[in-house]
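As a plain string of letters, each chain reads:
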Amino acid sequence: MSNKIIIRVQSPEGMKKITSTKRETAAAFLKKVAKEFGFNSNGFSVYLNRNKTGEVLSQNKTLSLLKIKHGDMLFLFPSSAGPSSETMDTQPHSSSSSSSSSSSSLSRSHSAPQIPEDEIDQYLSKQEGKIYRNRDPQLCRHGPMGKCVHCVPLEPFDEDYLNHLDPPVKHMSFHAYIRKLTGGADKGKFVALENISCKIKSGCEGHLPWPEGICTKCQPSAITLNRQKYRHVDNIMFENHTIADRFLDFWRKTGNQRMGYLYGRYTEHKDIPLGIRAEVAAIYEPPQIGTQNSLELIEDPRAAAVEEIAAKLGLRKVGWIFTDLLSEDTRIGTVRYSRNKDSYFLSAEECITAGHFQNQHANPCRLSPDGHFGSKFVTVVATGGPDNQVHFEGYQVSNQCMALVRDECLLPCRDAPELGYAKESSSEQYVPDVFYKDKDKFGNDITYLARPLPVEYLIIDITTTFPKDPVFTFSSTLRFPIENRDALGETQDFHSLATYLAQCSSSLPFLDIVSDFHLLLFLVTNEVMPLRDSIGLLLDAVKTSNEELAQTWKKSEQWATIEQLCSTVGGQQAGSLDYAMGGPSIPASSSAMWSCLHCTFMNQPGTEHCEMCSLPRS
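Residues numbered from 1 in each chain as written. Predicted model: local features only at pLDDT ≥ 70, side-chain atom pairs only at ≥ 80, totals over all residues. Heavy atoms only, no water.

Caption draft 1: Highlighting the overall build of the protein chain. For the protein chain, the helix and strand inventory stands at 15 helices and 27 strands. Counted over contacts in the protein chain with a minimum sequence separation of 6, partners at least 24 positions apart contribute 65%. Summed over its atoms, the accessible surface of the protein chain is roughly 32600 Å², and 50% of this surface lies on carbon and sulfur atoms. (Helix = DSSP H or I, 4+ residues; strand = E, 2+ residues; numbered from the N terminus. Contact = heavy atoms within 4.5 Å. Areas by Shrake-Rupley, 256 points an atom, 1.4 Å probe, with all protein chains shown as cover.)

Caption draft 2: Layout of the packing of aromatic side chains. On inspection of all chains with the given rule, the structure shows 21 aromatic pairs. Here Phe 174 and Tyr 230 contribute two aromatic rings whose centre-to-centre distance is 5.6 Å and whose plane-to-plane angle is 45°, an arrangement assigned as tilted. Linking Phe 174 in helix H5 (residues 174–181) with Tyr 230 in strand S7 (residues 230–231), this pair joins segments that are 56 residues apart in sequence. Summarising the burial analysis for this pair, Phe 174 and Tyr 230 share the class buried. Members of the aromatic cluster, each reached through a chain of ring pairs, are Tyr 261, Trp 320, Phe 322, Phe 357 and Phe 377. Above the plane of the ring of Phe 250 lies Arg 258, whose end atom (NZ or CZ) is 4.2 Å from the centre. (Phe/Tyr/Trp six-rings, centres within 6.5 Å; stacked < 30°, edge-to-face > 60°. Buried < 20%, exposed > 50% of the residue type's maximum accessible area, 1.4 Å probe, protein only. Lys NZ or Arg CZ within 6 Å of the ring centre and 35° of its normal.)

Caption draft 3: Highlighting the environment of Glu 279. Tracing the backbone through its elements, the reader meets Glu 279 in strand S10 (residues 275–284). Residue classification places Glu 279 among the buried positions, given a relative accessible area of 15%. Between the alpha carbons of Glu 279 and Glu 268 there is a distance of 9.9 Å; along the sequence they are 11 residues apart. Leaving out residues up to four positions away in the same chain, Glu 279 has contacts with Met 237, Tyr 263, Gly 264, Arg 265 and Thr 267. A distance of 3.1 Å separates polar atoms of two side chains, one belonging to Glu 279 and the other to Thr 267. (Polar contact = N/O pair within 3.5 Å; in protein donor to acceptor, adjacent residues only side chain to side chain.)

What follows is the structure, encoded as structure tokens:
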């Protein structure tokens, strides 16, 4: 009779079979286990029982003396962070490999890194999320304290309810999707939101590295694109129209496209069960080169300062916005309706850019082994609508698109903006096959290779709104010049600051004067006297709308120096520059180009009539 035996060893990563003999020592057996699972000699422990009793020690005793027989199952726990006995498979010794795989996913979800989630995610995870309905007088046949199928509360992911809303909701909220995953009998014990990977797994030693070799263990799976059923953000809301109007002014005056970052906060969106809203409080315009049909971003030396200021104001970068506008009729102010179902909503290049930004701003998630899943970073397009007026359309790209962009597997098509192209494998990079499904003329589902790829499979649309009652995080009614608009003759310097302060009336509170995002950014980043280390009190005053804090900061030496510099640059005496004074305002520079109020044409300096429409400048 042969002495060869097979011992099963179960770990958090699955079960493996180890070939041994009855006379083999425990020390030699444990070396085989370490080599098979890729552990160090002291990086794990092996037990006879799943409750961590009967440890198999590295000793010279044979397996037969330890009463380990052919077909027995041992249990391996990593010594660094071994999962509890509850996370192991609870099936008997004759359990199949399918139970081992479910145990593996369970252990991965529990061993995910514990990183702090966003405040809105922590808040929504504690909410019940049920959709309560009133008693139907026609269908309900019970008393006022009873419940039936016609009035029982619905789950937040109920598709019939979402489809019957006005307007219908195509995508459930992300937290409703989590409730759907965790609402079964197991209460989500086996849920693990895993990020898609399009790269070859490293560390495979059974063959030469790519392109000389590849195997099923390290090869990434093929991807079939599906329309995502959920979205991480359910609504985008600008606090007021002024934010968007000031952003559009650049296009109105130059005809060139513009891009900006949206700064705001995430709040609860109560119109959708467990929904999230991105509220926009300000737009920061980074250095860029814009033409009528292109945009090129330039490296921004002030990016870190902007993030720091926004964080101290209680804001964060929630998305990006860009214009795609072309005048239809300048006399009545209409724009061309170019983005529709017959052309495209987002081009492939814009989807790739959106995916790049979303990968940079990943969403912390406790159910993901990587600690992050998806993104709440949104994309807003200012473009022409069906009525030939400027509309704001909100989008995100799917998690599948984020993975393709992150692993550099997606390319745009040069001659067709509505199509993307999945790269082919080369000697430098292995790219998994990417497919999508569509219906043929007979109504059959046909699978196509994503070369090319319609980008509609990657896009998630988000409603973009403005409130009936405007909200102002920054309460200043005056307009300080926006950064990086030198092409318009609008510069941020102490002359423009002196002009801005001179416009203030005596009755205007100091907090309302300085409560401007672009002014605060100038005070921190100007080269003459940056206030990065001494403006914290003022930022707290703006954040909490506290006039007393603002008045305290006004008495500081730094602000006195700013006043002196403004007086010197503006050509006034130091004592005459006071917002409590009613002095004359400093005239704007006559050497700058000016925009016609009637047709928005940019005229050369020194002219009093528009060169395009011949109407007077005033």
